[in-house]
Amino acid sequence: MLTDRRVILRNGVGVIARVLQRRELLLTRIAVDQPTLMVVRRGLKLLRAAGTETVIPAGGAAAIAGGEVFDVVNRPDGGVYAADFLVIDQAVIAGFAVPDTVRPIARALAIPAMAPDFLEAYERARAAVADPAAVPETVAVQRMREVLGWIAHHGGAFPPPVPPAIAQRIRVLVAGDLAAPWRAAEVASQLAMSEATLRRRLAAEGTSLTDLVTETRMAHALMLLQVTDQPVATVAALVGYDSPSRFAARFRQRFGHPPGAIRDQTESAAIRDQTEPVPAPTPNPTLAPAPAPTRLSA
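Attention here is on the structure that accompanies the text. (Residues numbered from 1 in each chain as written. Predicted model: local features only at pLDDT ≥ 70, side-chain atom pairs only at ≥ 80, totals over all residues. Heavy atoms only, no water.)

Remarks on the overall build of the protein chain
Cut-off, in case you're wondering: A run of H or I in DSSP counts as a helix once it spans at least four residues, and a run of E counts as a strand once it spans at least two, with each numbered from the N terminus. The cut-offs for exposure are 20% and 50% of the maximum accessible area for each residue type, with area from a 1.4 Å probe on protein chains only; residues under the lower value are buried, those over the upper are exposed, and the others partly exposed. Here, Shrake-Rupley sampling with a 1.4 Å probe gives the accessible areas, and only protein chains in the shown set may cover a residue.
Counting secondary structure elements, the protein chain contains 11 helices and 12 strands. Across the 298 residues in the protein chain, those meeting the buried criterion constitute 51%. Accessible surface, the protein chain as shown: approximately 13300 Å² in total, 53% of it carbon and sulfur.

And the structure:
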């Protein structure tokens with residue numbers, strides 16, 4: 001089983017990462033923009049949306065349709081919650097022949113227990129993302145489709161992609177450069193519309209550019225705190241905050257918990273972490289833009 005503490009992207013194939021959490025926390029309004037298979041290794045995951053609750057025990061999985069928003073609870077067992085996820089590239093999904101008897105996944109498909117062959121297929125798919133030099137792209141894509149076949153065996157298929165809403169397009173745009181100032185004029189230009197049209201369409205979706213930029217940064221920060229060991233101060237810099245204290249305040253405002261709570265740090269340890277000097281972030285090809293806002297990292 002791969003245990004790297006990083007996010008790994010293989011273009012045209014997928015994204016993988018491993019989540020660790022040591023404290024039970026409720027994380028609200030977690031968006032999953034891309035089709036994702038989440039596998040719980042230890043503990044319990046609860047996904048809540050529209051008055052329903054999906055429970056994923058250790059050894060189980062959830063196939064999550066893209067474009068969904070959940071309240072998430074990760075419940076540790078013996079002080080540890082561990083899970084990993086596989087985001088499957090949309091092109092791979094588009095090329096998979098879904099059996100006529102299989103219905104599109106609505107929000108999330110719970111798989112209470114993974115058969116040994118399903119788990120083996122999943123591990124092979126993750127290995128294909130992690131080691132492009134060892135696994136040719138055609139083989140990697142086939143491994144992803146084998147996972148899709150197992151999901152279909154459990155009665156679900158990821159829906160075909162639909163044109164994304166403006167808010168989702170902006171989240172993807174911002175995730176590509178989290179430290180950029182992202183003014184309305186630049187965003188409108190990249191989306192080929194006027195500023196007035198941008199504001200009007202965002203208002204129709206019940207949001208604003210400022211809110212989307214902040215939400216995308218916070219979602220990416222949550223992912224980095226869960227799936228890497230980078231210090232809080234480094235995470236703050238990577239998502240566009242020069243001041244770790246301002247980042248911590250914004251993070252607490254968004255999620256109701258300080259950044260250190262994600263890793264079960266004491267308050268004093270979190271403060272020391274935030275005040276350590278931070279080197280300028282350098283590009284890292286293994287850090288994928290959060291599949292906005294893995295992105296089921298939670």
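A few points about the sheet that holds strand E2 (residues 14-21)
The strands making up a sheet are joined through hydrogen bonds of the backbone, oriented either antiparallel or parallel. How we decide: By definition, two strands form a pair when at least two bridges between them are found by DSSP. Axis definition: a line fitted to C-alpha atoms, over the contacting stretch in the case of helices. Angles run 0 to 180 degrees between N-to-C directions.
The six strands lie next to each other as E1-E2-E9-E4-E7-E11, forming an open sheet whose pairing is antiparallel. Edge positions in the open sheet fall to strand E1 (8-10) and strand E11 (108-111), since each of these has one partner strand only. When the angles between neighbouring strand axes are averaged without regard to direction, this sheet yields 15°. Of the pairings in the sheet, the one linking strand E4 (residues 36-42) to strand E7 (residues 61-64) comprises four bridges and is antiparallel in character. Across the sheet, Val-39 pairs through a bridge with Ala-61, a residue of E7.

Some thoughts on helix H4 (residues 166-175)
Operational definition: Residue contacts are defined here by distance: any two heavy atoms, one from each residue, within 4.5 Å place the two residues in contact.
Of all 10 residues making up H4, seven are buried, and the element is well covered by its neighbours. Ile-166, Ala-167, Gln-168, Ile-170, Arg-171, Val-174 and Ala-175 are the residues of H4 that are buried. In this structure, the buried residues of H4 make contact with helix H5 (184-190), helix H6 (195-204) and helix H7 (209-227).

What to know about the pattern of salt bridges
The condition is simple: In the sections that follow, a salt bridge refers to a side-chain nitrogen of Lys or Arg positioned within 4 Å of a carboxyl oxygen of Asp or Glu.
Summed over all chains, the structure comprises seven salt bridges. Residue Asp-33 is joined to Arg-171 by a salt bridge in which the shortest nitrogen-to-oxygen separation is 2.8 Å. In this pair, Asp-33 sits in the loop between strand E3 (25-32) and E4 while Arg-171 sits in helix H4, placing the two residues 138 residues apart along the sequence. A single burial state applies to Asp-33 and to Arg-171, both of which are buried. Two residues, Arg-254 and Glu-215, come together in a salt bridge whose shortest N-O distance is 2.7 Å. Placement of Arg-254 in helix H9 (residues 244-255) and of Glu-215 in helix H7 is noted, with a sequence separation of 39 residues between them.

Considering the nonpolar core
Within soluble globular proteins, side chains that are nonpolar tend to cluster in buried spots. Filter applied, for reference: Nonpolar cores were defined as sets of buried Ala, Val, Leu, Ile, Met, Phe, Trp, Tyr and Cys residues, with membership established by side-chain atoms within 4.5 Å.
The biggest cluster of nonpolar side chains holds 55 residues, and the ones touching the most others in it are Leu-47, Ile-64, Phe-70, Ile-170, Leu-198, Phe-247 and Phe-251. When residues in this core are grouped by element, the largest group, 10 residues, is from H7. Discounting chain neighbours no more than four positions away, the residues touching Leu-47 are Thr-52, Glu-53, Thr-54, Ile-56, Ala-62, Ile-64, Phe-70, Asp-71, Val-72 and Ala-108.

Side note on the side chain of His-257
So the rule is basically this: Definition of a polar contact: a pair of N or O atoms within 3.5 Å, with one able to donate and the other able to accept a hydrogen when the atoms are protein atoms, and with sequence-neighbouring residues admitted only if both atoms are side-chain atoms.
Considering the arrangement of structural elements, one finds His-257 in the loop between H9 and helix H10 (259-262). Given the relative accessible area of 17%, His-257 is considered buried. Polar contacts involving the side chain of His-257 include one to the main-chain carbonyl oxygen of Leu-26, which spans 3.1 Å. Setting aside residues no more than four positions away along its own chain, His-257 makes contact with Leu-25, Leu-26, Leu-27, Phe-251 and Arg-252.

Notes on the sheet that holds E3
Taken together, four strands build an open sheet; the order of strands is E3-E8-E5-E6 and the sheet is antiparallel. Unpaired on one side and paired on the other, E3 and strand E6 (52-57) mark the two borders of the sheet. Going across the sheet, the axis of each strand differs from the next one's by a mean of 25°, ignoring polarity. The pairing of strand E5 (residues 44-49) with E6 spans six bridges and is classified as antiparallel. Looking across to E6, one finds that Ala-49 is bridged to Thr-52.

As for the environment of Phe-85
Along the chain, Phe-85 turns up in strand E9 (residues 81-88). On a C-alpha basis, the gap between Phe-85 and Ala-17 in space is 5.8 Å, while along the polypeptide they are 68 residues apart.

Description of the packing of aromatic side chains
Our working rule: Ring geometry is summarised as follows: Phe, Tyr and Trp rings, the Trp one being its six-membered ring, pair when their centres sit within 6.5 Å, and such pairs are stacked at plane angles under 30 degrees, edge-to-face over 60 and tilted between the two.
Scanning the entire structure with this criterion turns up four aromatic pairs. Where Phe-247 meets Phe-251, the ring centres are 5.9 Å apart and the plane angle is 50°; that geometry is what we call tilted. Residue Phe-247 and its partner Phe-251 are located together in helix H9, separated by four residues, close to a single helical turn. Of the residues examined, Phe-247 reaches a relative accessible area of 0% and is grouped as buried. Between Phe-251 and Phe-255 the ring centres are 4.8 Å apart and the planes differ by 50°, which places this aromatic pair in the tilted class. With Phe-251 and Phe-255 both in helix H9 and four residues apart, the pair spans about one turn of that helix. Just as Phe-251 is buried, Phe-255 falls in that class too. Ring pairing ties together the aromatic residues Tyr-241, Phe-247, Phe-251 and Phe-255, which thus form one cluster.

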